[in-house]
Amino acid sequence: MLGMWKSQATKLFVISILLLDLPRINGSGRSDDYIGEDSAETPPLSKDVRGKKKMFGIFRNRSNKQKEPFVMERTDELIRKAGYDAESYLVDVPIGRNIIVEERQGQKLWSKKKGKYTMTTFKIEIFRIIHPGRDRLRNLPVVLLMHGATGSSSDYVFAGKDDSLGFYLADSGYDVWLGNLRGNFYGGLNTYKNVSAFWDFSFHEMGLYDLPTEIDFILSATGRSKLFYVGFSMGTTSSYVLLSSKTIYNDKIERMVSLAPVVYLSWTKTSNFLEKLALWNHKFYDTILKLAHVRSYWRSPLWGYKRPKCHKKWLRPICDLGIQLMSSNDVTLCNQELREKFLKIVPVGTSWKAVMHYSTLATNGKFKPFSYHTSKNRAKYGYDSVPEYELEYIKVPIFLLSGEKDGFSPEELMDKLKSKLEGASVTWRTVDKFLHLDFFIAKNLTNLVFGPVLNYLRDPYSIVDSGNQTTSTKYKENKKKSFVES
């Protein structure tokens with residue numbers, strides 16, 4: 001029976017991958033089902049731009065009734081909706097290489113060329129929560145919140161005033177900034193979705209370029225020398241890339257919280273079925289591409305994950321299956337209202353390469369940059385075989401908060417991560433019955449997630465880790481060790 005269910009779920013997953021990215025496009029080049037505003041950096045589409053029609057007529061809506069189009073609310077709109085004010089900023093971020101962009105009059109390969117230009121930077125939009133009761137933000141401690149894969153800055157405010165970490169920290173006296181990573185709705189998806197050279201990135205480039213640029217921008221805007229950092233999932237992965245590669249940023253982060261950290265992965269250690277299925281899907285495409293003797297990833301946005309689609313009735317069963325398998329169904333945790341809200345703001349894009357990079361981590365069990373063939377490794381990294389990120393160089397105090405049943409952060413791999421962070425004071429706590437998405441959509445988030453995060457930001461000694469050893473003892477020991485070594 002279980003095998004039959006898995007087979008059916010596998011079919012649903014494969015069908016969703018093939019069909020999720022087939023929106024109906026109107027004459028203006030916009031989707032009839034999705035008319036959310038683009039990022040402030042996105043230029044208007046020209047009249048001669050035409051999109052692709054649906055491939056399968058069976059999925060067309062044959063009804064003559066006028067449907068109300070779905071509109072995704074932007075991060076700043078969600079902030080104002082909750083009674084706060086919002087500021088948005090466009091940050092110039094290095095791409096990490098020079099790319100040649102061809103301008104065409106249309107979107108077809110045979111469209112007439114308008115010219116070429118070289119691009120070295122692009123823009124990411126970030127947001128700031130302005131608390132209505134505070135006119136001056138100059139002297140408040142600054143915290144940067146970073147989303148996970150296919151997410152965005154909206155992840156920390158979509159749930160409203162009472163269930164969002166962004167508002168909770170703003171109410172607690174913090175100057176809250178909401179970041180974005182390249183490839184999502186606010187990070188180039190709309191502007192460069194047809195520029196293949198742009199999409200040759202993973203969380204490696206996010207850590208090397210996106211995070212440090214946003215951190216420097218925020219510190220300059222606030223006049224502070226340090227900030228606090230809270231990341232979720234891929235927001236944690238990129239932070240470990242940054243701190244191990246550009247060690248100067250260890251002096252710019254006061255303390256760091258990693259929610260559902262994803263650093264080391266393993267095919268065998270992942271316990272949840274959907275998580276295994278996702279990793280298997282990544283591995284399958286990787287194998288197919290290698291057999292075809294091409295690069296092991298498409299230089300494009302991740303298919304089917306560029307915009308929220310769960311408002312469509314025919315997709316709803318697939319969405320419900322996914323959300324049930326990625327979050328707890330325990331009666332004490334399952335929050336249907338937050339699940340509904342969450343599906344209105346995700347997914348909003350990432351790159352194929354980022355997903356394939358995670359696949360290679362699960363295959364080799366090592367946390368290291370994306371590995372190519374020998375000659376390209378030598379040209380890009382200076383080594384025939386790519387070395388691992390040197391996590392021992394990280395000095396920032398870290399609070400690891402993982403889910404007990406999260407297959408992306410199982411106990412054995414969390415122990416491995418702690419053992420690699422030799423130079424940092426690390427506190428680890430698990431949340432009972434939590435899966436990967438429960439950090440945003442479970443019940444009682446204030447007590448289970450927000451409270452511990454705030455306590456750690458204020459006083460790292462106040463947190464007791466999963467080994468029943470107080471944080472204060474471990475923190476003092478590591479601090480003393482670092483002082484002696486220095």
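Residues numbered from 1 in each chain as written. Predicted model: local features only at pLDDT ≥ 70, side-chain atom pairs only at ≥ 80, totals over all residues. Heavy atoms only, no water.

1. Some thoughts on the packing of helix α5 (residues 203-222) against helix α10 (residues 352-364)
Think of two packed helices as two axes; the pair is described by the angle between the axes and how far apart they sit.
Part 1 of the reasoning: Put simply, α5 and α10 touch, their axes get as near as 8 Å, and they point 110° apart. What the angle tells us is that α5 and α10 run roughly perpendicular. Residues F203, H204 and M206 of α5 lie in contact with α10, whose contacting residues are A354, H357, Y358 and L361.
Part 2 of the reasoning: Its residues placed into classes, the contact of α5 with α10 shows five nonpolar, two polar and no charged. (Axes fitted to C-alpha atoms, helices over the stretch in contact; angles between N-to-C directions. Helix = DSSP H or I, 4+ residues; strand = E, 2+ residues; numbered from the N terminus. Parallel < 35°, antiparallel > 145°, perpendicular 65-115°, else oblique. Contact = heavy atoms within 4.5 Å. Nonpolar A, V, L, I, M, F, W, Y, C, P; charged D, E, K, R; others polar.)

2. A few points about the pairing of strand β6 (residues 253-259)
Part 1 of the reasoning: Among the seven residues that make up β6, six are buried, leaving the element largely enclosed by the rest of the structure.
Part 2 of the reasoning: Looking at chain direction, strand β5 (residues 227-232) and β6 are connected through five bridges and run parallel. The partner of F232 across the bridge, within β6, is L259.
Part 3 of the reasoning: In terms of handedness, the path from β5 via helix α6 (residues 234-245) over to β6 forms a crossover that is right-handed.
Part 4 of the reasoning: Sheet topology places β6 next to strand β7 (residues 398-403); four bridges connect them, and they run parallel. By the bridge assignment for β7, V257 is matched with F399. (Buried < 20%, exposed > 50% of the residue type's maximum accessible area, 1.4 Å probe, protein only. Pairing = 2+ DSSP bridges. Right-handed = clockwise from strand over helix to strand, strands pointing away.)

3. A short note on the side chain of N335
Part 1 of the reasoning: By the element assignment, N335 lies in the loop between α8 (316-326) and α9 (336-342).
Part 2 of the reasoning: A distance of 3.3 Å separates a polar atom in the side chain of N335 from the backbone nitrogen of E337.
Part 3 of the reasoning: Excluding its chain neighbours within four sequence positions, the residues that come into contact with N335 are I441, A442 and K443. (Polar contact = N/O pair within 3.5 Å; in protein donor to acceptor, adjacent residues only side chain to side chain.)

4. Here we look at the pattern of salt bridges
Part 1 of the reasoning: Under the criterion given, the structure shown has 18 salt bridges.
Part 2 of the reasoning: Put simply, D85 and R80 hold a salt bridge, and the shortest N to O gap is 3.6 Å.
Part 3 of the reasoning: Judged by relative accessible area, D85 falls into the partly exposed class, the value being 40%.
Part 4 of the reasoning: Judged by relative accessible area, R80 falls into the partly exposed class, the value being 42%.
Part 5 of the reasoning: Taking the shortest distance from any N to any O, the salt bridge between D171 and K161 comes out at 3.2 Å. (Salt bridge = Lys/Arg side-chain N within 4 Å of Asp/Glu carboxyl O.)

5. Thoughts on the confidence of the model for the protein
Part 1 of the reasoning: Confidence along the protein averages 81 in pLDDT terms, with 73% of residues attaining 70 or more.
Part 2 of the reasoning: Here residues 1-63 scores under 50 on pLDDT; set against residues more than four positions off or in separate chains, the count is 112 contacts.
Part 3 of the reasoning: Under a pLDDT of 50 for its full length, residues 468-486 has, in the predicted model, 25 contacts with residues more than four places off or in other chains. (pLDDT = per-residue confidence, 0-100.)

6. Details of the packing of aromatic side chains
Part 1 of the reasoning: Inspection of the entire model under this criterion finds 28 aromatic pairs.
Part 2 of the reasoning: On the basis of an interplanar angle of 35° and a centroid distance of 4.9 Å, the ring pair of Y192 and F198 is categorised as tilted.
Part 3 of the reasoning: You can call Y192 buried: its relative accessible area is 10%.
Part 4 of the reasoning: The positively charged end of R182 is found above the aromatic ring belonging to F201, 5.7 Å away from the centroid.
Part 5 of the reasoning: A cation sits over an aromatic face here: K353 above F370, 5.1 Å from the ring centre. (Phe/Tyr/Trp six-rings, centres within 6.5 Å; stacked < 30°, edge-to-face > 60°. Lys NZ or Arg CZ within 6 Å of the ring centre and 35° of its normal.)

7. Description of the nonpolar core
Taken as a class, soluble globular proteins show a tendency for nonpolar side chains to be buried jointly.
Part 1 of the reasoning: In this structure, Y240, L259, F367 and L391 are the most contacted members of the largest nonpolar core, which totals 118 residues.
Part 2 of the reasoning: Core analysis: the next-biggest nonpolar cluster, separate from the first, contains nine residues, L302, V355, M356 and V386 among them. (Core = buried A, V, L, I, M, F, W, Y, C linked by side-chain atoms within 4.5 Å.)

8. A look at the state of the cysteines
Part 1 of the reasoning: A complete count under the given rule lists one disulfide for this structure.
Part 2 of the reasoning: Here C310 connects covalently by a disulfide to C319, the sulfurs 2.0 Å from one another. Across the disulfide from C310 to C319, rotation about the S-S bond amounts to roughly -90°, and the bridge is consequently left-handed.
Part 3 of the reasoning: The buried category is assigned to C310, whose relative accessible area is 11%. (Disulfide = S-S within 2.5 Å.)

9. Let's talk about the pairing of strand β2 (residues 113-130)
Part 1 of the reasoning: With 16 bridges joining them, strand β1 (residues 85-104) and β2 adopt antiparallel strand pairing. Across the sheet, residue L90 finds its bridge partner in β2, namely E125.
Part 2 of the reasoning: Looking at chain direction, β2 and strand β4 (residues 175-178) are connected through two bridges and run antiparallel. Bridging across to β4, F127 finds its partner in L178.

10. Topic: the environment of S172
Part 1 of the reasoning: Within the secondary structure, S172 is located in the loop between α3 (165-171) and β4.
Part 2 of the reasoning: Taking the relative accessible area as the measure of exposure, S172 reaches 19% and is therefore buried.
Part 3 of the reasoning: Placed 282 residues apart in sequence, S172 and L454 show a C-alpha to C-alpha distance of 8.1 Å.
Part 4 of the reasoning: When residues no more than four places from it in sequence are discounted, the contact partners of S172 are R134, L454 and R458.

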